[in-house]
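Coordinates in review
The residues making up each chain are set out below.
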Amino acid sequence: MSGFYDSDPDPKNCENEDGALDNADFVIVMSPRAGDRVHTGFAVNGCSRTYESNVQWKLVGKDGSELASGNTAGGGVDGSATFDFNVAYEVKERQIGHLEVMGEDASDGEGNPPGRTVIPLVLQTPEAE
């Protein structure tokens, strides 16, 4: 199966032969998939088209605390492109967390909302590796 939750991301998700991605602000995470068990340093990849190609991300623990955050480059004004980054975190117990990957809201709420993807993950402890 190919598509958004394929374990081997398909760069064709960034193709726009049908025009669906024209003038769109979006963030599509292709890996990891919802429900995956992850360990510190896990890889994230996907496709985006965001303001100034800026893709922001954060990992949130079960209590709502931010465990890690950062940014990377994706697609921008010239069209969509792939992105990838790694997430290092520390937890004392295995838990459900959420990876949020999003574009920047350059309009400060005045325009269309930026692209955003939220993925629930099982965050493993180092002992579970």
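Just above, that's the structure.
To start, this report covers the structure provided alongside it. (Residues numbered from 1 in each chain as written. Predicted model: local features only at pLDDT ≥ 70, side-chain atom pairs only at ≥ 80, totals over all residues. Heavy atoms only, no water.)

Core analysis: the biggest nonpolar cluster contains 19 residues, and Phe 42, Val 44, Leu 59, Phe 83, Val 87, Leu 99 and Val 101 have the highest contact counts within it. Elements with a minimum of two residues in this core: strand E1 (26-31), strand E3 (42-49), strand E4 (54-60), strand E6 (81-87), strand E7 (95-103) and strand E8 (116-123). Leave out the neighbours within four places in its chain, and Val 44 touches Val 29, Ser 31, Pro 32, Phe 83, Asp 84, Phe 85, Val 87 and Leu 99. Core analysis: the second largest hydrophobic core is formed by six residues, Cys 14, Leu 21, Ile 28 and Met 30 among them. (Core = buried A, V, L, I, M, F, W, Y, C linked by side-chain atoms within 4.5 Å. Buried < 20%, exposed > 50% of the residue type's maximum accessible area, 1.4 Å probe, protein only. Helix = DSSP H or I, 4+ residues; strand = E, 2+ residues; numbered from the N terminus. Contact = heavy atoms within 4.5 Å.)

Right, let's get into the sheet that holds E1. Taken together, the three strands give an open sheet; going across it, the order is E1-E3-E6, and neighbouring strands pair in antiparallel fashion. Edge positions in the sheet fall to E1 and E6, since each of these pairs with one other strand and no more. Across this sheet, the average inter-strand angle for adjacent strands is 30°, counted without regard to direction. Sheet topology note: the E3/E6 ladder contains seven bridges and is antiparallel. Paired with Ala 43 across the strands is Asn 86, a residue of E6. (Pairing = 2+ DSSP bridges. Axes fitted to C-alpha atoms, helices over the stretch in contact; angles between N-to-C directions.)

Let's shift gears to the side chain of Gln 124. Along the polypeptide, Gln 124 turns up in the segment after E8. Within the local environment of Gln 124, its side chain forms a polar contact with the side chain of Arg 94, the two groups lying 3.4 Å apart. If we skip the residues at most four places from it in the chain, Gln 124 touches Arg 37, Val 38, His 39, Tyr 89, Val 91 and Arg 94. (Polar contact = N/O pair within 3.5 Å; in protein donor to acceptor, adjacent residues only side chain to side chain.)

With that settled, the discussion passes to the environment of Val 27. Relative to the helices and strands, Val 27 is located in strand E1. Between the C-alpha atoms of Val 27 and Thr 50, which are 23 residues apart in sequence, the distance is 7.5 Å. Excluding its chain neighbours within four sequence positions, the residues that come into contact with Val 27 are Cys 47, Ser 48, Thr 50, Phe 83, Val 101, Met 102, Gly 103, Gly 115, Arg 116 and Thr 117.

Right, let's get into the sheet that holds E7. Two pairing modes exist for strands in a sheet, parallel and antiparallel, and in both the strands are linked by backbone hydrogen bonds. The strand order across the open sheet built from five strands is E2-E8-E7-E4-E5, with neighbouring strands paired in mixed fashion. The sheet is open, and its two borders are formed by strand E2 (37-38) and strand E5 (66-73), each paired with just one other strand. In this sheet, E8 lies alongside E2 in parallel orientation, the contact comprising two bridges. Residue pairing in the sheet places Arg 37 in a bridge with Val 122 of E8.

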